[in-house]
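# Descriptive structure summary
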Amino acid sequence: MTHHLLTLKPFTTREIHQLLEDAKRFKAKEMYQFHEKLYVANLFFEPSTRTRNSFQMAEKKLGIEVFNVEVETSSVQKGETLYDTVRTLEAIGVKGFVIRHFKDNYFKEIEHMNQIAIFNAGDGCGHHPSQSLLDLFTIYEEFHTFEGLTVTIAGDIRHSRVARSNAEILTRLGAKVQFISPDAWKDEMNIYGTYVTMDEAIQTSDVFMLLRIQHERHDTKMSFTKESYHRAFGLTVEREKQLKPNCIIMHPAPINRDVEIADCLVECERSRIFKQIENGVYARMAMLKWGFEAIVGGEWK
Ligand code: NCD
């Protein structure tokens, strides 16, 4: 078992439940201490508000020293490879690397490095394990199980690392995953789940998860206007009223209001969007604990 957290695929369902249990303990304010003073570098090659600051909060709560590496002013701009950047920071004494990169599987270049822990904060259209874990945590808090839940993921499935990561792990944990997507953004090959109509999804969902359109990963301009996308694939005020009574709404954010979700639904009673963000800190603390335990050890206090 690797101590890097690159995707959730190598984790057994038992290990996932262990991570969720740890997240719960962190949320209940239980304390944990590593056996060594730790230094972590946050390297973000793509924009981020939630993931970056949430990891930073998780690191600080665990007493870890944080380096926010400014990629724009670092030697990456002089052509330095990711490996050389990471190797340099390792030589300086950094043990953990939280990395977001526009390239799918960027971590292949560095995953052989076994004296450090790498935490994937999102790779291109590939994976987003920390988002998945916080989504799992939020769903589990609500329903206390994954078995038998119907989770709809709606939007730009093909370009979404959130959809890909969540579909894989939710299916493995016993949920039924279904998708809604315009034909152009369907991904039939690399993803677990079936495509359904909006009507089917509205009637059957326990969790309704919306995605942002990943414009930055598209080769061509989309054919929808904001309004036409919202009418066809968004969660409108009318659709929200038809959801099952206990259905919750989720979105990894950033949100484009009135595109994937109606403005007034962002903080409606069913919405768990800000709860997801809150839970992200604890899910990431659990991930950091997992990764560093393998290298330096630590204990609950
Ligand atoms: C997502 C991401 O970066 O993949 N955001 C996030 O981490 N909360 C989703 C997105 O950018 O649309």
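Residues numbered from 1 in each chain as written. Predicted model: local features only at pLDDT ≥ 70, side-chain atom pairs only at ≥ 80, totals over all residues. Heavy atoms only, no water.

It is worth spelling out helix 9 (residues 273–295) at this point. Its 23 residues give helix 9 an end-to-end C-alpha distance of 34 Å, which sits within 8% of 33 Å, the value for a rise of 1.5 Å per residue. At N279, helix 9 shows its maximal kink, close to 30°. Trailing helix 9 by a residue or two, G297 shows a phi angle of about 80°, which is positive. (Helix = DSSP H or I, 4+ residues; strand = E, 2+ residues; numbered from the N terminus. Expected span 1.5 Å × (residues − 1). Bend = angle between axes of the 7 residues up to and from the residue.)

Now for the packing of aromatic side chains. Counted by the stated rule, this structure contains 16 aromatic pairs. Centroid distance F179 to Y195: 5.3 Å. Interplanar angle 45°. Geometry classified as tilted. Residue F179 is located in strand 7 (residues 176–180), and its partner Y195 is located in strand 8 (residues 194–195); the two are separated by 16 residues in the primary sequence. Over the ring of W300 we find R25; its NZ or CZ atom is 4.0 Å from the centre of that ring. It is R284 that lies over the ring of F55; its NZ or CZ is 5.1 Å from the centre. (Phe/Tyr/Trp six-rings, centres within 6.5 Å; stacked < 30°, edge-to-face > 60°. Lys NZ or Arg CZ within 6 Å of the ring centre and 35° of its normal.)

Here we take up the site of the ligand. All residues adjacent to the ligand are T51, R100, H128, Q131, R161, V162, R212, Q214, P252, A253 and P254. The contact in question runs from an oxygen atom of the ligand to an N or O atom on the side chain of R212, over 2.8 Å. Computed on the free molecule, the ligand has an accessible area of 320 Å², of which 93% lies beneath the protein chains in the complex. Of the pockets mapped on this structure, the ligand occupies the largest pocket. (Near = heavy atom within 4 Å. Polar contact = N/O pair within 3.5 Å; in protein donor to acceptor, adjacent residues only side chain to side chain. Areas by Shrake-Rupley, 256 points an atom, 1.4 Å probe, with all protein chains shown as cover. 1 Å grid on protein atoms, 1.4 Å probe; cavity = no way out; pocket = protein on both sides within 12 Å on 5 of 7 lines; lining within 4 Å. Sits in = over half its atoms within 2 Å of the grid points.)

L136, I153 and F292 are the most contacted members of the largest nonpolar core, which has 57 residues in total. Tallying contributions element by element places helix 9 first for this core, with 9 residues. In this structure, I153 is in contact with A163, N166, A167, V177, Q178, F179, I180, M209 and L211, ignoring residues within four places of it in sequence. In this structure, M198, C247, V266 and C268 belong to the second largest nonpolar core, which totals 24 residues. (Core = buried A, V, L, I, M, F, W, Y, C linked by side-chain atoms within 4.5 Å. Buried < 20%, exposed > 50% of the residue type's maximum accessible area, 1.4 Å probe, protein only. Contact = heavy atoms within 4.5 Å.)

A large share of strand 6 (residues 150–154) lies buried, amounting to 5 of its 5 residues. Of the two faces of strand 6, the one lined by T150, T152 and A154 and the one lined by V151 and I153 are each fully buried. Note that strand 6 and strand 7 share 5 bridges and pair parallel. Each residue of the ladder has a partner; that of T152, found in strand 7, is Q178. In this region the chain leaves strand 6, passes through helix 5 (residues 161–172) and returns to the parallel neighbour strand 7; the handedness of that crossover is right-handed. Of the strand pairs in this sheet, strand 6 and strand 9 (residues 207–210) are connected by 4 bridges, and their pairing is parallel. Note that in strand 9 the partner of T152 across the bridge is F208. (Pairing = 2+ DSSP bridges. Right-handed = clockwise from strand over helix to strand, strands pointing away.)

With that settled, consider empty space enclosed by the protein. Counted under the stated rule, the structure contains 1 cavity of 30 Å³ or more. What the largest cavity holds in volume is close to 70 Å³. Lining the largest cavity are R50, S54, Q131, L134, H251, P252, I273, Q276, I277 and R284. Put simply, the parts of the chain that give the lining of the largest cavity at least two residues each are helix 2 (50–61), helix 4 (129–143) and helix 9. With 4 residues, helix 9 is the single largest residue contributor to the lining of the largest cavity. For the lining of the largest cavity, the class distribution of residues is 4 nonpolar, 4 polar and 2 charged. (Points joined across faces, edges and corners; volume = space filled by probe spheres on them. Nonpolar A, V, L, I, M, F, W, Y, C, P; charged D, E, K, R; others polar.)

The analysis is restricted to geometry; functional conclusions fall outside its scope.
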